[in-house]
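As a plain string of letters, each chain reads:
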Amino acid sequence: MAFTTNKSLLARVRAGDEISWREFYDAYKPLIYLCGGDCGLTQDEKEELVLQVMAEIFRKDIVGKYDPEHIPEHLSFQYTPEKGRFRHFLRKIIRNQAIRIYHRRKSHLPLDAETASDELPSSDEWGNIWETQWRKHVMAMAMTELKTKVRPETYIAFEMYAVQNRPVNEVADFLNLSLSSVYTAKSRCIATLKEIIAKLEEQE
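Being a predicted model, the structure only gives us computed values, none of them experimental.

1. Regarding the pattern of salt bridges
One pass over the structure, following the stated rule, counts 7 salt bridges. Residue Arg-87 is joined to Glu-131 by a salt bridge in which the shortest nitrogen-to-oxygen separation is 2.8 Å. Taken together, the positions of Arg-87 in helix α4 (residues 86–108) and Glu-131 in helix α5 (residues 123–149) put the pair 44 residues apart, joining distant regions of the chain. The class of Arg-87 is buried, set by a relative accessible area of 7%. Here Arg-166 makes a salt bridge to Glu-170, at a shortest N to O gap of 3.7 Å. Residue class for Arg-166 comes out partly exposed when judged on its relative accessible area of 33%. Accessibility expressed as a relative area gives 37% for Glu-170, which makes it partly exposed.

The following block contains the structure:
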């Protein structure tokens, strides 16, 4: 997923900018899917959760009408900042839709049917699940934005050395850089990453 402007997707959502279905879907599907798994939903139920959450957010009849992988470009989402923080808005929708799917499963499936979990997380457990997955989501978006703010070789050195934990000598040899350049790339990227994350958290 790549941003179409220099302004991050989270910032654009918070500002109330119009966001295309495709961009929003690609950015938030992994987050919704992981939350569904943490709520004990089955594979099919997690896919359903993504569709139901997206349908609620876009307020359009997309379920059963469009293939989610081939949504028309004209479908778009525009968040109203007056609703409060977007992360809280999204958290509530995901939780509510997961509950609906769970209760429908319990009322329709036979007792011996295979399910991923016999109960949903409590409110407190869900809060912890959400915070964990949200932090991962923000980090993923921050890493994407980081690529636009540093030179390609700087990012690659950082990813290999700091993220993949490869030996500094191996990274330096592979990229034909000095050891000090690899250390500098790491420091620069970490500092930039902290700035990006702080801004994203402040916005959302």
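2. Some words on helix α7 (residues 168–175)
Quick reminder: α-helices carry 3.6 residues per turn. Residues three or four places apart thus point the same way. Buried residues of α7: Val-168, Val-171 and Ala-172, and no others. Projected onto a plane normal to the axis of α7, the buried residues spread over an arc of 95° and lie on a single side. Facing away from the buried side of α7 by more than 90 degrees, the exposed set consists of Asp-173 and Phe-174. Once α7 finishes, Asn-176 follows within two positions and takes phi at roughly 60°, a positive value.

3. Thoughts on the layout of surface pockets
Empty space within the largest pocket amounts to approximately 180 Å³. Along the walls of the largest pocket sit 12 residues, with Ala-27, Pro-30, Leu-31, His-137 and Ala-140 positioned nearest its centre. Among the secondary structure elements, those contributing two or more residues to the lining of the largest pocket are α2 (21–38) and α5. At 6 residues, α5 tops the list of elements feeding residues into the lining of the largest pocket. Its residues assigned to classes, the lining of the largest pocket shows 7 nonpolar, 3 polar and 2 charged.

4. Re the packing of aromatic side chains
Within the structure shown, the criterion is met by 11 aromatic pairs. Ring centres of Phe-24 and Phe-86 lie 6.1 Å apart, and the angle between their planes is 80°; this geometry places the pair in the edge-to-face category. Taken together, the positions of Phe-24 in helix α2 and Phe-86 in helix α4 put the pair 62 residues apart, joining distant regions of the chain. In this pair, the class of Phe-24 matches that of Phe-86, namely buried.

5. Examining the nonpolar core
Tyr-28 and Leu-90 are the most contacted members of the largest nonpolar core, which totals 49 residues. Elements represented by at least two residues in this core include exactly α1 (9–14), α2, α3 (43–58), α4, α5, α6 (152–163) and α8 (179–203). Residue contacts for Tyr-28: discarding those within four places in its chain leaves Leu-9, Leu-10, Met-54, Phe-86, Leu-90, Trp-134 and His-137. Within the second largest apolar cluster, 8 residues are counted, among which are Tyr-161, Ala-172, Val-182 and Ala-185.

6. Digging into the confidence of the model for the protein
Detailed reading of predicted coordinates is not advised where the pLDDT is low. Taken residue by residue, the protein gives an average pLDDT of 83. The fraction at 70 or more is 83%. Counting contacts from residues 1–6, a segment whose pLDDT is below 50, to residues more than four positions away or on other chains yields 15 contacts. Here residues 111–116 is modelled with pLDDT under 50, and outside its nearest four sequence neighbours on either side it reaches 8 contacts, counting other chains as well.

Parameters and conventions
- Residues numbered from 1 in each chain as written.
- Predicted model: local features only at pLDDT ≥ 70, side-chain atom pairs only at ≥ 80, totals over all residues.
- Heavy atoms only, no water.
- Salt bridge = Lys/Arg side-chain N within 4 Å of Asp/Glu carboxyl O.
- Helix = DSSP H or I, 4+ residues; strand = E, 2+ residues; numbered from the N terminus.
- Buried < 20%, exposed > 50% of the residue type's maximum accessible area, 1.4 Å probe, protein only.
- Arc of directions from axis to C-beta.
- 1 Å grid on protein atoms, 1.4 Å probe; cavity = no way out; pocket = protein on both sides within 12 Å on 5 of 7 lines; lining within 4 Å.
- Points joined across faces, edges and corners; volume = space filled by probe spheres on them.
- Nonpolar A, V, L, I, M, F, W, Y, C, P; charged D, E, K, R; others polar.
- Phe/Tyr/Trp six-rings, centres within 6.5 Å; stacked < 30°, edge-to-face > 60°.
- Core = buried A, V, L, I, M, F, W, Y, C linked by side-chain atoms within 4.5 Å.
- Contact = heavy atoms within 4.5 Å.
- pLDDT = per-residue confidence, 0-100.

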